[in-house]
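Residue-level listing of the chains:
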Amino acid sequence: MANKEKYNKRRWSVPSKRAKGYAADRKAKVHTYGPKEGKELTDYEAGMRSGYLQCQSDHSGIYKYKKAIAEGKSKSEAKAISQRKGK
């Protein structure tokens, strides 16, 4: 039972390296790394980056964490709340 709980937590800390790279690409409107570096993003590539960034579960976790802190909860309580799946 304890093993099931171990893997049922949402884990987040900071957005991934990919998310940082995608955000930089979207701001610059060109590829900022890799074999296509310096080439302009197509509409499809820009859309893929937008979608990836929007669906990061890190965002929902950090939102819950900041909301709990604003409500006066301790850092450890806020962390536990942010890692719970569901509401």
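A quick note: this is a predicted structure, and the numbers were derived from the prediction, not measured. (Residues numbered from 1 in each chain as written. Predicted model: local features only at pLDDT ≥ 70, side-chain atom pairs only at ≥ 80, totals over all residues. Heavy atoms only, no water.)

J.: Go over the overall build of the protein chain with me, naming the residues and quoting the values.
T.: Of regular secondary structure, the protein chain possesses five helices and zero strands. Each helix and strand of the protein chain, placed in order from N terminus to C terminus, yields the pattern α-α-α-α-α. Considering the protein chain as a whole, with its 87 residues, one finds that 23% of them fall into the buried category. Contacts in the protein chain between residues at least 24 apart in sequence constitute 46% of all its contacts with a sequence separation of at least 6. Entry remark: accessible area of the protein chain is about 7000 Å², with carbon and sulfur atoms responsible for 54%. (Helix = DSSP H or I, 4+ residues; strand = E, 2+ residues; numbered from the N terminus. Buried < 20%, exposed > 50% of the residue type's maximum accessible area, 1.4 Å probe, protein only. Contact = heavy atoms within 4.5 Å. Areas by Shrake-Rupley, 256 points an atom, 1.4 Å probe, with all protein chains shown as cover.)

J.: Can you explain the pattern of salt bridges? Please cite residues and give values.
T.: Scanning all chains against the criterion turns up two salt bridges. The shortest N-O distance in the salt bridge between E45 and K36 comes to 2.9 Å. Judged by relative accessible area, E45 falls into the buried class, the value being 13%. K36 sits in the partly exposed class, given a relative accessible area of 41%. (Salt bridge = Lys/Arg side-chain N within 4 Å of Asp/Glu carboxyl O.)

J.: Give me the lowdown on the side chain of H31, citing residues and values where you can.
T.: Structurally, H31 can be placed in the loop between α2 (17-28) and α3 (43-54). When near neighbours in sequence (up to four residues on either side) are disregarded, H31 contacts D25, K36, E37, G38, K39, E40, L41, E45 and R49.

J.: Residue-level account of unusual backbone geometry, with values.
T.: Of note, the phi angle at K29 is positive, near 60°, even though the residue is not glycine. Mapped onto the fold, K29 is located in the loop between α2 and α3.

J.: So what's going on with α2? Residues and values would help.
T.: The end-to-end C-alpha separation of α2 is 17 Å, in line with the 16 Å expected for twelve residues at 1.5 Å each. Taken as a whole, α2 has its buried residues at A19, G21, Y22 and D25. Buried residues of α2 fall within an arc of 160° about the axis and therefore sit on the same side. The exposed set on the far side of α2, more than 90 degrees from its buried face, consists of K17, K20 and K27. Once α2 ends, the next one or two residues include K29, with phi positive near 60°. (Expected span 1.5 Å × (residues − 1). Arc of directions from axis to C-beta.)

J.: Let's hear about the packing of aromatic side chains: which residues, and what values?
T.: Under the defined criterion, the tally for this structure stands at zero aromatic pairs. For R49, the ring lying beneath its charged end belongs to Y22, and the centroid distance is 4.6 Å. (Phe/Tyr/Trp six-rings, centres within 6.5 Å; stacked < 30°, edge-to-face > 60°. Lys NZ or Arg CZ within 6 Å of the ring centre and 35° of its normal.)

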